[in-house]
Amino acid sequence: MKQKTLEILEFNKVKSLIALEVISDLAIEKVKQLTPSSDYETVVHQMNEVDEISHIYNQYRLPSMSGLSRVQPYIKRSQIGGTLNVQELNAIKALIQVQNQFKTFYNQLVEDEEAVHYEILDNHMQQLPVLTHLYQSIHQKCDTQDLYDSASMELQSIRSRIAKTNQRVRAQLDRIVKSTSNQKKLSDAIVTVRNERNVIPVRAEYRQDFNGIVHDQSASGQTLYIEPSAVVELNNQISRLRSEEATEVQRILAELTAEVAEEAEACLISEQIMGHLDFLIGKARYAAKIKGTKPTFSKERQVYLPKAFHPLLDRETVVANTIEFESSIQTVIITGPNTGGKTVTLKTLGLIILMAQSGLLIPTLDGSQLSVFDNVFCDIGDEQSIEQSLSTFSSHMKTIVNILEEANDKSLILFDELGAGTDPSEGAALAMSILDHVHQMGALVMATTHYPELKAYSYNREGVMNASVEFDVDTLSPTYKLLMGVPGRSNAFDISKRLGLGLKIINHAKSMIGQDEQEINEMIASLEKNAKRVDDQRIELDRLVREASQIHQDLSRAYEQYQNMEARLIEEAKDKANQRVKAAMEEADDILKSLRDMRDQKGAEVKEHELIDQRKRLEDQYEAKSIKQNVQKQKWDEIKAGDEVKVLSYGQKGEVLEVLSDDEAVVQMGIIKMKLPLSDLEKKEKAKTQPKKVVTRTNRSTVKMELDLRGYRYDEAMIALDQYLDQAVLSNYEDVYIIHGKGTGALQKGVQQHLKRHKSVATFRGGMPSEGGFGVTVATLK
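Residues numbered from 1 in each chain as written. Predicted model: local features only at pLDDT ≥ 70, side-chain atom pairs only at ≥ 80, totals over all residues. Heavy atoms only, no water.

## Observations concerning the overall build of the protein chain
Put simply, the rule is: By definition, any uninterrupted DSSP run of H or I lasting at least four residues is a helix, any uninterrupted run of E lasting at least two residues is a strand, and each is numbered from the N terminus. Using a 1.4 Å probe on the protein chains alone, a residue whose accessible area is under 20% of its type maximum counts as buried, one over 50% counts as exposed, and one in between counts as partly exposed. Any pair of residues with heavy atoms lying within 4.5 Å of one another is described as a contacting pair. Under the convention used here, a 1.4 Å probe and the Shrake-Rupley method define accessible areas, while residue burial counts only the protein chains that appear.
For the protein chain, the count of helices and strands is 21 helices and 23 strands. Across the 782 residues in the protein chain, those meeting the buried criterion constitute 41%. For the protein chain, the proportion of contacts with a sequence separation of at least 24, taken over those separated by at least 6, is 67%. Entry remark: accessible area of the protein chain is about 43,700 Å², with carbon and sulfur atoms responsible for 49%.

Here is the structure:
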C-alpha cells in the first residue's frame, strides 16, 4: 500500500491504539511493522487467526503476558560463549513461565470443549517446545537480583562464612562504639561501611586514640571513618571470601548459560510464538473496544459493509452507514451538502479496507463481505502547496495523474470533490471524463461531488450508482446518513420555507425551474424512503440467515452426538449383558466341576453328555449383537401423539412424539429418539408425576485464574482459599485474582493476612481499577 494512503486514512492512529493493548516489546515491534497485505491467502489466514483469538478473549480470562520480553540478544550471547547475568536469566525464565501458563490454559480449554475448534492457535501450541527443565534450573538458583545461597553447596558455605565473619566484626566494633570511654570521641555510636569495609565514625581530634586505617572523611573534615586494627584481618578475610563468592557465582552463571545455549533454538521459537500471541491478543482487545466483526473474503470483487462506522470517531455519537457496491456496480458517486459526511464515508471505506487486509476485525455488523485489493488510492483533502506554487486544483490534478498511472482493475480509488477548484462546467466535464477512464480501467471507485451534472451521470453509464448524504429540513442540519442508490436532491425551497421566506416568492421560484426538475426531486424523495426500508430489510434478512445457519450447525452437531451416544449405549448394554453371562458360565463351570467330583467320589448317576448339554445352553445365552427383547404385544389400543407407551423390544418406557402414515411412530426414550413400528408399542396409562427436588451434580471443573469469595463466611472463605491456592500452584499459574468484594473490608483484610502467611504466595497487591479495584486482591505465586 502507498504510504501516502496510510497517512491520509490515518492508519497509523489505529496502530497506535493497538500498541496500547499489547504487553511486550516483541508485540509492540510487530504493531509498528503492521501493514496491509495484498495477498489473498495471507489476508484470509490473518483474519481467521485474529478471529480465533477474539472468540477466546471474549469468553475467557486469558493468562497474563506480564514479564514477556525480547530475549533473542541473550540467547545469541549464550551461543557465542558469553555469560548471562541473573536479570537476563530471569527474562528467559519469565518467557518460559508465560509460555507454560498459556499452554496450560489452552489445554484446559480444549479439554472443556472436548474438541479443537481453534485450528490455527492449536498449530501454534503444538510448536511450543518443552522448556520446563530449563525453567526449573533458573528458578531454583536465581532470585530476582542474585543467586540463592542454595544455588550450590560451595556458594552456601562461602556465604555462611562471610556472614559469620561479619558477625564477629560487628561484635568487636559494637564493643568499641558502645564503650562509655569512647562516647565523646565518636561522631555517632554506629557501625557503618566505607569501601566495602566495616568502619566507625571518629571525631578528627581523637584520631590518635584509635589505631587503624582511615578509609574516608566527612565533607567538613570533622569526622574520620576508621577501620580499627582489631578488625582489619577479619575484614581481609571477608574480602577474600567475597572474591571466592564472585568466582563461584560466575561458575554457576556459566553453567546456567550453557543450559540456555543448549535450548537456544527452542527458546527462540518460544519467543517468536509468544510475541505473536501477545500481538494477536492486542488485536483482539482493540476489536472488542470497537465491537469489530470478521468479514468474509471473496476472490470475486465485492464490498458490503453493513452499518459501518469510522473506528477513530466517538462510538457513542458516530452514525453507522451501510456501504455497498452491488455486483454490477463499479462506481459510486456521493452527492449532498457540505459537512454532511461525504468525506467521512470515503475515509471509513478506505480505512476499513486497510484494517481488513491487515488482519484486524472491522467496525461493522456481522455479515460484511470484501475482496482483496492490490492498492487503495486517495485524493482527499485540500492539498494546496505554497512551496510548489500549486493551487488546490493543480495539486489535486497532480495527485490524480499519479493515481491514474499506477491504478489497475484490482484497485480501490477514493476521489473527494472530484473536479473542484475550477470553472464548474469544465470541472464537471473533467470529472466525468476521469470517471469514464477509471471505469474502463476496471477499478472500483467512490467519489464525492457538488456538481449537479454528475447526478445524471449514473443514468447514462452502466455500472455507476448514485448515493447521497441525508439532510434534515426540520432541524436544518445533516443527519450523516448515507443513502445508497439515491442521488442528492435540492432542499433549497424547503430550507427557505423553514427560515421564513414568503410562499409567494418560493412558488414563483418553483415555476421558474420547470416541471421536470420538480418531478425529479419528488422522485428522489420517494427513492430515499424506499432505500431506507430496503436497507433495514437487508440487514434483518442477513441476521436471520446467519441465525438459521447457526441453528443448522447446532442441530447437525447435536444429531451427531445423539448417534454417538446411541451407539455407545448399545455397546455398553452388550458389555454388561456379556459380563453377566460370562459370570454365569463361570459359576456353571464350578457347579459342573463339583458334580463331576461328586460322581467320581460317590458314583452319582450323572452322565457326561448331560453336563455338556447344560453348559451349551448357558453359552447360547451370550449376547452377540442385539439388546432387543422378543416380547409379544398384549394390548392393541389406538396409539396417538402424546401417549405414554412401553417399547416391547427394548423393555423401556417412552412418549409418542408423532404417528407416521406407514404404521410407524417417532418415540422419545429418555435422550434417545427413534422411529419404531406400532406393533412394538404398548399403550400405558399416564401417571401423575410429583415434582421432585433436583440435586445437581457438579463435575470436577478446571482451575480458573480467579476465585470469587463473595457471600462466603470467613471460615469457609479461608478453607476455599487454601484449596484454590494449592490447585493454582499445580496449574503453574503466576498471578491469580481473589475476588472478595468491598463491603466492610473484613473479608479483604482476612484474605490478605492469609496470603501473607501462605507458603505458596510470593507477593500480593490490591487490584487495579481495570481489575476490580479494592474488591480484588492479585496474588503472585512462587
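## Regarding the pattern of salt bridges
The test is simple: Salt bridges are defined as contacts in which a side-chain nitrogen from Lys or Arg sits within 4 Å of a carboxyl oxygen from Asp or Glu.
The final tally for this structure, using the stated rule, is 25 salt bridges. Here Arg 159 and Asp 146 are joined by a salt bridge, their closest N and O atoms 3.3 Å apart. Of the two residues, Arg 159 sits in helix α9 (residues 153–178) while Asp 146 sits in the loop between α8 (132–141) and α9, which places them 13 residues apart along the sequence. The exposure class of Arg 159 is buried, given its relative accessible area of 12%. Residues joined in a network through salt bridges with shared partners are Asp 146, Asp 149, Arg 159, Arg 242 and Glu 245.

## A look at the UniProt feature "binding site: ATP" (unreviewed entry) in the protein chain
Where we set the bar: UniProt positions are given in the numbering used here, feature names are shortened, and annotations may be inferred rather than shown by experiment.
UniProt records the feature "binding site: ATP" (unreviewed entry) for Gly 336, Pro 337, Asn 338, Thr 339, Gly 340, Gly 341, Lys 342 and Thr 343 in the present numbering. Looking at the secondary structure, you find Gly 341 in the loop between β8 (331–335) and α12 (342–356). Under the relative-accessibility criterion, Gly 341 is labelled buried at 15%. Look past the residues within four positions of Gly 341 in its chain and what remains in contact with it is Val 469 and Tyr 480.

## Examining the confidence of the model for the protein chain
Put simply, the test is: Every residue gets a pLDDT, meaning the predictor's confidence in that residue, from 0 to 100.
Looking at the protein chain, pLDDT values average 82 and 84% of them are 70 or higher. The low-confidence segment residues 384–389 (pLDDT under 50) makes six contacts with residues lying over four places distant or belonging to another chain. Per-residue pLDDT stays below 50 along residues 692–701; that stretch engages in one contact with residues further than four places along the chain or on separate chains.

## Details of the packing of aromatic side chains
Selection rule: Between the rings of Phe, Tyr and Trp (Trp by its six-membered ring), a pair exists once the centres lie within 6.5 Å; its type follows the angle of the planes, with under 30 degrees stacked, over 60 edge-to-face, and the other angles tilted. Lysine and arginine charges are scored as sitting over a ring when NZ or CZ, respectively, is within 6 Å of the ring centre and within 35 degrees of the ring normal.
Enumeration according to the criterion identifies three aromatic pairs in this entry. Residues Tyr 60 and Phe 105 carry aromatic rings whose centres are separated by 6.3 Å and whose planes lie at 75° to one another, so their mutual orientation is edge-to-face. Pair noted here: Tyr 60 is in the loop between α4 (40–59) and α5 (72–79) and Phe 105 is in helix α6 (residues 86–113), with a separation of 45 residues, a long-range link. Taking the relative accessible area as the measure of exposure, Phe 105 reaches 9% and is therefore buried. Site record: aromatic cluster; members linked through ring pairs are Tyr 60, Phe 102 and Phe 105. Geometry around Tyr 225 places Arg 194 over its ring, the cationic atom sitting 4.1 Å from the centre. For the cation-ring pair, Arg 315 lies above Phe 309, with the distance from its terminal atom to the ring centre recorded as 4.1 Å.

## Description of the side chain of Ser 152
Along the chain, Ser 152 falls in the loop between α8 and α9. By relative accessible area, which is 12% here, Ser 152 ends up buried. Residue contacts for Ser 152: discarding those within four places in its chain leaves Glu 248, Arg 251 and Ile 252.

## Here we look at the sheet that holds strand β21 (residues 735–739)
Neighbouring strands of a sheet are bound in pairs by backbone hydrogen bonds; such pairs are parallel or else antiparallel. The cut-off we apply is this: Strand pairing is defined by DSSP finding a minimum of two bridges between the two strands. For helices, the fitted line uses only the C-alpha atoms of the stretch in contact; every axis is such a line through C-alpha atoms, and the angle between N-to-C directions lies from 0 to 180 degrees.
Taken together, the four strands give an open sheet; going across it, the order is β20-β21-β23-β22, and neighbouring strands pair in mixed fashion. Each having just a single partner strand, β20 (706–708) and β22 (761–766) make up the two edges of the open sheet. With strand direction ignored, the average angle separating the axes of adjacent strands in the sheet is 20°. Examined bridge by bridge, β21 and strand β23 (residues 776–781) share five bridges and lie antiparallel to one another. Note on β23: the bridge partner recorded for Tyr 737 is Val 778. Across the sheet, helix α20 (residues 714–730) is in contact with β20, β21, β22 and β23; its angle to β21 comes to roughly 160°.

## Focus on the environment of Asn 402
Checked against the element boundaries, Asn 402 lands in helix α13 (residues 392–406). Given a relative accessible area of 37%, Asn 402 falls into the partly exposed group. Taking C-alpha positions, Asn 402 is 9.6 Å from Phe 377, a pair spaced 25 residues apart along the chain.

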